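For reference, the chains in residue letters:
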Amino acid sequence: MELIQNTPDLSAYLAADEVIDHHHPLVRETAARLAEGVVDSYGYARAAYEFVRDTVPHSQDAGDPRVTWRASDVLELRTGICHAKAHALAALLRAEDIPTAFCYQSLLHDDDGDDGGGSGHVVHGLVAVRFNGAWHRQDCRGNKPGVDARFSLDGERLAFPVDPQSNEVDYPVLYAEPHPVVLSALKAAPDRPHLWKTLPTAL
């Protein structure tokens, strides 16, 4: 699949805003700590990815009802669904001048709202990082039995490869900002059970 930027301006994939608030002191402090001991931007990107994947529990896996969407809040509260964790990772990567995009899948999910493995569809959030002139998708939702996502520039290691027979879809567009439909659902949800009922099923 060819990944397509929704804007040709690469600087848009480094921008800070209300959601990807990488000028926030907590984001800067976290980025500086992760940058210690790494030798290059690839090493930093991998460290940031593993930090978000492994130390910010996916709220569904953890049974946490809180809803986060701003990157600094995800890092402070250490909770979020896939989209929120993608926002946090993007902020950490952009803080170190690594172009980062938002991309999405439409996946089957079970009645509890988990990503993958049921009858309904839900939009799942990823990021893509740009290295050596190419974009590479990464999924930091967090691993669990049956899910083994890893940071990789040599072939994708996503949490949920799509199943076209189940009408699952990889969307090729790389967004410089979180998709407004997804962001609106996150902002409007008072808790995670409500969020499962209002997340988009497709883009």
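Below or above, wherever it landed, is the structure these notes cover.

Things to note about the side chain of E168
Along the chain, the position of E168 falls in the loop between β4 (134–138) and β5 (169–170). Of the side chains bearing the opposite charge, R137 lies closest to the buried E168, which forms no salt bridge; the N-O distance is 11 Å. Here the side chain of E168 touches D163 through a polar contact of 2.7 Å, landing on its backbone nitrogen. Contacts of E168, omitting those with residues within four sequence positions, involve S106, L107, L108, H121, P161, V162 and D163.

Digging into the packing of aromatic side chains
Scanning the entire structure with this criterion turns up five aromatic pairs. With a centroid separation of 6.4 Å and 75° between ring planes, the pair formed by Y42 and F131 is classed as edge-to-face. Of this pair, Y42 sits in helix α2 (residues 41–55) while F131 sits in strand β3 (residues 120–131), and the two are 89 residues apart along the sequence. Measuring from centroid to centroid gives 5.7 Å for Y49 and F151, while their planes differ by 50°, and the two rings are tilted. Pair noted here: Y49 is in helix α2 and F151 is in the loop between β4 and β5, with a separation of 102 residues, a long-range link.

Considerations on the sheet that holds β3
In spatial order, the strands read β4-β3-β2-β5; together these four strands make up an open sheet with antiparallel pairing. Since the sheet does not close on itself, it has two edges, and those belong to β4 and β5, each with one partner. Note: strand β2 (residues 100–109) against β3, ten bridges, orientation antiparallel. Its bridge partner lying in β3, L107 is registered against V122.

What to know about the state of the cysteines
Disulfide: a covalent bond formed between the sulfur atoms of two cysteine residues. Going through the model one piece at a time under the given rule, you end up with zero disulfides. Not engaged in a disulfide, the cysteine C82 finds its nearest cysteine sulfur in C140; these two sulfurs lie 8.6 Å apart. Of the residues examined, C82 reaches a relative accessible area of 3% and is grouped as buried. No disulfide involves C103; its sulfur sits 10 Å from the nearest other cysteine sulfur, which is in C140. Classification of C103 by relative accessible area gives buried; the value is 0%.

Observations regarding helix α1 (residues 25–35)
Along α1, the residues classified as buried are V27, T30, A31 and L34. Angular distribution of buried residues about the axis of α1 spans 100°; they occupy a single face of the element. Where α1 is buried, its residues contact α2, α4 (71–77) and α5 (82–95).

Definitions and limits used
- The numbering scheme is per chain: residues are counted from 1 as the chain's sequence reads.
- Two thresholds apply to this predicted model, a pLDDT of at least 70 for residue-level local features and 80 or more for giving and counting side-chain atom pairs, whereas whole-chain, interface and lining totals are computed over all residues.
- To get the side-chain values, take all heavy atoms of the structure and skip hydrogens and water.
- Each helix is a run of DSSP H or I of at least 4 residues and each strand a run of E of at least 2, with the numbering of both proceeding from the N terminus.
- Exposed residues in this analysis have more than 50% of their type's maximum accessible area, buried residues have under 20%, and partly exposed residues fall in between, with area computed by a 1.4 Å probe over protein chains only.
- Charge assignment in this entry is limited to Lys and Arg as positive and Asp and Glu as negative, and neither His nor the chain termini are counted.
- Salt-bridge detection follows one rule: a side-chain nitrogen of Lys or Arg within 4 Å of a carboxyl oxygen of Asp or Glu.
- A 3.5 Å cut-off defines polar contacts: any pair of N or O atoms within that distance qualifies, except that in protein one atom must be a possible hydrogen donor and the other a possible acceptor, and neighbouring residues in sequence count only when both atoms are side-chain atoms.
- Whether two residues are in contact is decided by their heavy atoms: any pair within 4.5 Å suffices.
- Stacked, tilted and edge-to-face are the three classes applied to pairs of Phe, Tyr and Trp rings, where Trp contributes its six-membered ring and a pair requires centres within 6.5 Å; stacked means planes under 30 degrees apart, edge-to-face means over 60, and tilted covers the rest.
- Two strands qualify as a pair provided DSSP detects at least 2 bridges between them.
- For the purposes of this analysis, a disulfide is any pair of cysteine sulfur atoms at a distance within 2.5 Å.
- To obtain the arc, one takes the directions from the helix axis to the C-beta atoms.

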